[in-house]
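Listed below are the residues making up each chain.
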Amino acid sequence: MAGLGSLHLFNVFEYKTTKYVVTKNKKVGLLYRMFQLIVMGYLVGWVFVTKKEYQAKDDTIESSVVVKVKGVASVNTTDSKLWGPEDYVMPKQGEDFLFIITNYIETANQKMDNCSENPLIPDAMCTKDEDCREGEAVRAGNGIKTGICLKTDEDSNGTCEITGWCPTEKSQEPDTATVMRQAENFTLYIRNFIRFSKYDFSKFNVNKTTKSKSYLRSCLYDEISEPYCPIFRLGDIVNKSGCSFQVTAHKGGSFAILIEWSCDLDKGDSKCNPRYSFLSLGCDAGYNNRFVRYNDAAGQKQRTIFKAYGIHLNIIVFGTARKFSIINTFIHIASVLTLMTAGSFLCDFILLCMMKSRDFRDSKFEIKTMNDKESPKKKKTAIPRRKFSL
């Protein structure tokens, strides 16, 4: 027992290494080298050059957007003949979403009074006063029922009388004559600040070249001649999305302005610039909104309500920052080198299972039969190394 214990203890100080069998076969050797070249080509061409997997990436982008709209349009409303951005842009703050009015339906000089509800509203129809329950709001309507059914004659259906802003809002399709023709030339100045917290890197879309006032007053975005100009023409945004501005301006539509930041920080921040694209979410989706303007006439408060049709814009910012990482580099090199072992396995399989010669099998496998009575220290008989070829 003491002898066996000392033997196991001695094994701690042993070093084991791999025994290689060199196979001189042109076909298998060529196959093995081709496999190595393919694996190395994959590592260099695809992993490093194309996908740049030697870099770590941060796709959690922090973004802030401010939009300013400029331009004036002639209108024919009760209280104005000219609208500026403060009239046709909603909301006023100009954040990463906004609504620009291009058409409208005006119902002017409403005042608080009793009048007939809009006959196109189903809940407003009646045949007797009991159908107009006093104090009940008209569903999808404009006021509160007074309990009176207004009819032109005894045999016809009538409409409930309401207390509300009278006359009620016009129910009609938008007219092409009220489309704001100058809206196509409105301009949007988009300021975008981004930050990648992983690398503590931040940047504006208005860089040193484009921040001068003289440049901003004269430039207009174009993907070829002015790819970094932050000023966009409204008509170009709609047209580049695949829609007709005149069709969209009539009934309204929704669009997205995509700002993509793809930053290779190994090349410096000068190579980190935004790329703009435009997406239609509905060319003539009928996007509309309502707003009112109040005034006092002869001591009585009145209002004008506008059902505004226009272009809804969503500004979406996304991107990725990349930078060299020694850990990523080692991980991908180790993964590809591990793949190299598949070449040896393939060649072994061909030599063992598809070749007629058994010389490789005899060299690859060394079979030793030991009887129980034989000493474990008995010296093994060396098997001579063999060379073979097909």
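Residues numbered from 1 in each chain as written. Predicted model: local features only at pLDDT ≥ 70, side-chain atom pairs only at ≥ 80, totals over all residues. Heavy atoms only, no water.

## A short note on a positive patch on the surface
No. 1: Taken together, the side chains of Lys68, Lys70, Arg191, Lys213 and Arg217 define a basic patch exposed on the protein surface.
No. 2: Of all the elements in the fold, those that place two or more residues in the positive patch are strand E2 (61-70) and helix H4 (213-218).
No. 3: Checked against the element boundaries, Arg191 lands in strand E10 (residues 187-196).
No. 4: The class of Arg191 is partly exposed, set by a relative accessible area of 38%. (Patch = residues over 30% accessible without salt bridge, like charges linked within 9 Å, V, L, I, M, F, W, Y side chains within 5 Å. Areas by Shrake-Rupley, 256 points an atom, 1.4 Å probe, with all protein chains shown as cover. Salt bridge = Lys/Arg side-chain N within 4 Å of Asp/Glu carboxyl O. Lys, Arg positive; Asp, Glu negative; His and termini not counted. Charge placed at Lys NZ, Arg CZ, Asp CG, Glu CD. Helix = DSSP H or I, 4+ residues; strand = E, 2+ residues; numbered from the N terminus. Buried < 20%, exposed > 50% of the residue type's maximum accessible area, 1.4 Å probe, protein only.)

## A closer look at the state of the cysteines
No. 1: A full pass over the atoms with the stated rule returns 6 disulfides.
No. 2: What pairs with Cys243 in a disulfide is Cys283, and their sulfur atoms sit 1.8 Å apart. Classification of the bridge connecting Cys243 and Cys283 rests on its S-S torsion, roughly -60°, and on that basis the disulfide is left-handed. A residue pair is termed long-range when its members are at least 10 positions apart, and Cys243 in the loop between helix H5 (234-240) and helix H6 (245-251) and Cys283 in the loop between strand E14 (274-280) and strand E15 (288-297) qualify at 40 residues.
No. 3: For Cys243, a relative accessible area of 8% puts it in the buried group. (Disulfide = S-S within 2.5 Å.)

## Quick notes on helix H2 (residues 26-50)
No. 1: Along its 25 residues, H2 runs 33 Å from first to last C-alpha, staying within 8% of the 36 Å computed at 1.5 Å per residue.
No. 2: Tyr42 marks where H2 bends most, by close to 25°.
No. 3: Regarding H2, the residues found buried are Val28, Val39, Leu43, Val47 and Phe48.
No. 4: Phi turns positive, to about 50°, at Lys52, one or two residues after H2. (Expected span 1.5 Å × (residues − 1). Bend = angle between axes of the 7 residues up to and from the residue.)

## Here's the deal with the confidence of the model for the protein chain
No. 1: Averaged over all residues, the pLDDT of the protein chain equals 84, while 85% of them reach at least 70.
No. 2: Contacts of residues 386-390 to residues separated by more than four positions or lying in other chains number 12 contacts, the stretch itself having pLDDT below 50. (pLDDT = per-residue confidence, 0-100. Contact = heavy atoms within 4.5 Å.)

## Overview of the nonpolar core
When a protein is soluble and globular, its nonpolar side chains tend to lie buried together.
No. 1: Judged by nonpolar contacts, the single largest core of 51 residues is most densely connected at Val69, Trp83, Tyr88, Ile100, Met180, Phe186 and Leu313.
No. 2: Tallying contributions element by element places strand E16 (residues 300-324) first for this core, with 7 residues.
No. 3: The contact partners of Phe186, leaving out residues within four places of it in the chain, are Val69, Lys70, Gly71, Val72, Ala73, Tyr88, Ile100, Met180, Phe232, Arg233 and Leu234.
No. 4: Grouped together as the second largest cluster of nonpolar side chains are 7 residues, Val206, Cys219, Cys229 and Ile231 included. (Core = buried A, V, L, I, M, F, W, Y, C linked by side-chain atoms within 4.5 Å.)

## Comments concerning the packing of aromatic side chains
No. 1: All chains considered together, the criterion is met by 16 aromatic pairs.
No. 2: On the numbers, 5.4 Å between centres and 75° between planes, the contact of Tyr221 with Tyr276 is edge-to-face. Taken together, the positions of Tyr221 in the loop between H4 and strand E12 (231-233) and Tyr276 in strand E14 put the pair 55 residues apart, joining distant regions of the chain.
No. 3: A relative accessible area of 9% places Tyr221 in the buried class.
No. 4: Through successive ring pairs, a cluster of aromatic residues spans Trp83, Tyr104, Phe291 and Phe306.
No. 5: Looking at Lys301, its charged tip hangs above the ring of Tyr294, at a distance of 4.8 Å from the centre. (Phe/Tyr/Trp six-rings, centres within 6.5 Å; stacked < 30°, edge-to-face > 60°. Lys NZ or Arg CZ within 6 Å of the ring centre and 35° of its normal.)

## Focus: the pairing of strand E11 (residues 201-204)
No. 1: Side-chain alternation along E11 places Phe201 and Lys203 on a buried face and Ser202 and Phe204 on a face that remains uncovered.
No. 2: For E10 and E11, the ladder comprises 4 bridges, and the chain directions are antiparallel. Across the sheet, residue Phe196 finds its bridge partner in E11, namely Phe201.
No. 3: Counting the residues in the hairpin turn of E10 and E11 gives 4 residues, including Asp200, whose phi is positive at 50°. (Pairing = 2+ DSSP bridges.)

## With respect to the environment of Lys111
No. 1: As for its placement among the helices and strands, Lys111 is situated in strand E6 (residues 97-116).
No. 2: The sequence separation of Lys111 and Asp296 amounts to 185 residues, and the corresponding C-alpha distance is 9.9 Å.
No. 3: Ignoring any residue separated from it by four or fewer positions in sequence, one finds Lys111 in contact with Gly164, Trp165, Cys166, Gln300, Lys301 and Gln302.

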